[in-house]
Amino acid sequence: MLRVDHAGEYGANRIYAGQMAVLGRSRTGPLIQEMWDQEKKHLEKFNEILAENRVRPTALLPLWNIAGFVLGASSALLGKEGAMACTVAVEESISEHYNSQIRALMEKDPERYTELLQVSNKEFRDDEMEHHDTGLEHDAESVSIFYNLNLKLGLLIITLISRLF
């Protein structure tokens, strides 16, 4: 579970890095930077949590490093709308993951997982939903539905692979 959380935050950071490489000097740059700054805090926290719990990151981080950057940059090459569509798909996927994780931890032992529930999952989930909504406010839906379906399928595959490795 922590490995998937970390992989998701790592991937989101790389996606925003790719988007900034393309759109960083555009009018959309500050918006992307603001979301990326929040993701950096999420990743930093999950780096701490992994170390505290002696959980190794996914063995596929080098792949997610490249794939995340390429996804971010390629979505940004479609313009602001493409970058925002990518943001909506990614943040929706991460939010859904956090929501299911919150439910599972609440059923299992909420007292044992207090920090993870309060700081990481609920706070970070809310940040992810804010990013999702920001993407919608900035024309994410003007991009083809096929693009969005491909993004969602790719994210599902990445999540499943991160759980295994």
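Summarised in this report is the structure supplied together with it. Computed from a predicted structure; not experimentally measured.

Examining the packing of aromatic side chains
- Scanning the entire structure with this criterion turns up 2 aromatic pairs.
- Here the aromatic residues F46, Y98 and F124 are joined through ring pairs into a cluster of three or more.
- The positively charged end of K40 is found above the aromatic ring belonging to W36, 4.0 Å away from the centroid.

Structural notes on the layout of surface pockets
- In this structure, the largest pocket encloses a volume near 290 Å³.
- Lining of the largest pocket is provided by M1, L2, R3, I49, E52, N53, V55, R112, Y113, T114, E115 and L116.
- For the lining of the largest pocket, the secondary-structure elements that each account for two or more residues are α1 (2–23), α2 (29–52) and α5 (114–137).
- Considered class by class, the residues forming the lining of the largest pocket number 6 nonpolar, 2 polar and 4 charged.

A closer look at the packing of helix α3 (residues 61–77) against helix α4 (residues 80–108)
- Closest axis-to-axis distance for the α3/α4 pair is 5 Å, and the angle between their directions is 140°. In terms of their interaxial angle, α3 and α4 are classed as oblique. For the pair formed by α3 and α4, the contact residues are L71, S75 and A76 on the first element and G82, A83 and C86 on the second.
- Residue classes in the contact of α3 with α4 are distributed as 4 nonpolar, 2 polar and no charged.

Examining a negative patch on the surface
- Where like charges cluster on the molecular surface, the negative patch consists of E34, E130, D133 and E137.
- No other element matches α5, which puts 3 residues into the negative patch.

A word on empty space enclosed by the protein
- Per the counting criterion, the structure on display carries 2 cavities of 30 Å³ or more.
- Of the pockets and cavities examined, the second largest cavity occupies roughly 30 Å³.
- Lining the second largest cavity are I15, Y16, C86, T87, V90 and E91.
- Going through the elements one at a time, α1 and α4 are the ones with two or more residues in the lining of the second largest cavity.
- By residue class, the composition of the lining of the second largest cavity is 4 nonpolar, 1 polar and 1 charged.

The rules behind each value
Residues numbered from 1 in each chain as written. Predicted model: local features only at pLDDT ≥ 70, side-chain atom pairs only at ≥ 80, totals over all residues. Heavy atoms only, no water. Phe/Tyr/Trp six-rings, centres within 6.5 Å; stacked < 30°, edge-to-face > 60°. Lys NZ or Arg CZ within 6 Å of the ring centre and 35° of its normal. 1 Å grid on protein atoms, 1.4 Å probe; cavity = no way out; pocket = protein on both sides within 12 Å on 5 of 7 lines; lining within 4 Å. Points joined across faces, edges and corners; volume = space filled by probe spheres on them. Helix = DSSP H or I, 4+ residues; strand = E, 2+ residues; numbered from the N terminus. Nonpolar A, V, L, I, M, F, W, Y, C, P; charged D, E, K, R; others polar. Axes fitted to C-alpha atoms, helices over the stretch in contact; angles between N-to-C directions. Parallel < 35°, antiparallel > 145°, perpendicular 65-115°, else oblique. Contact = heavy atoms within 4.5 Å. Patch = residues over 30% accessible without salt bridge, like charges linked within 9 Å, V, L, I, M, F, W, Y side chains within 5 Å. Areas by Shrake-Rupley, 256 points an atom, 1.4 Å probe, with all protein chains shown as cover. Salt bridge = Lys/Arg side-chain N within 4 Å of Asp/Glu carboxyl O. Lys, Arg positive; Asp, Glu negative; His and termini not counted. Charge placed at Lys NZ, Arg CZ, Asp CG, Glu CD.

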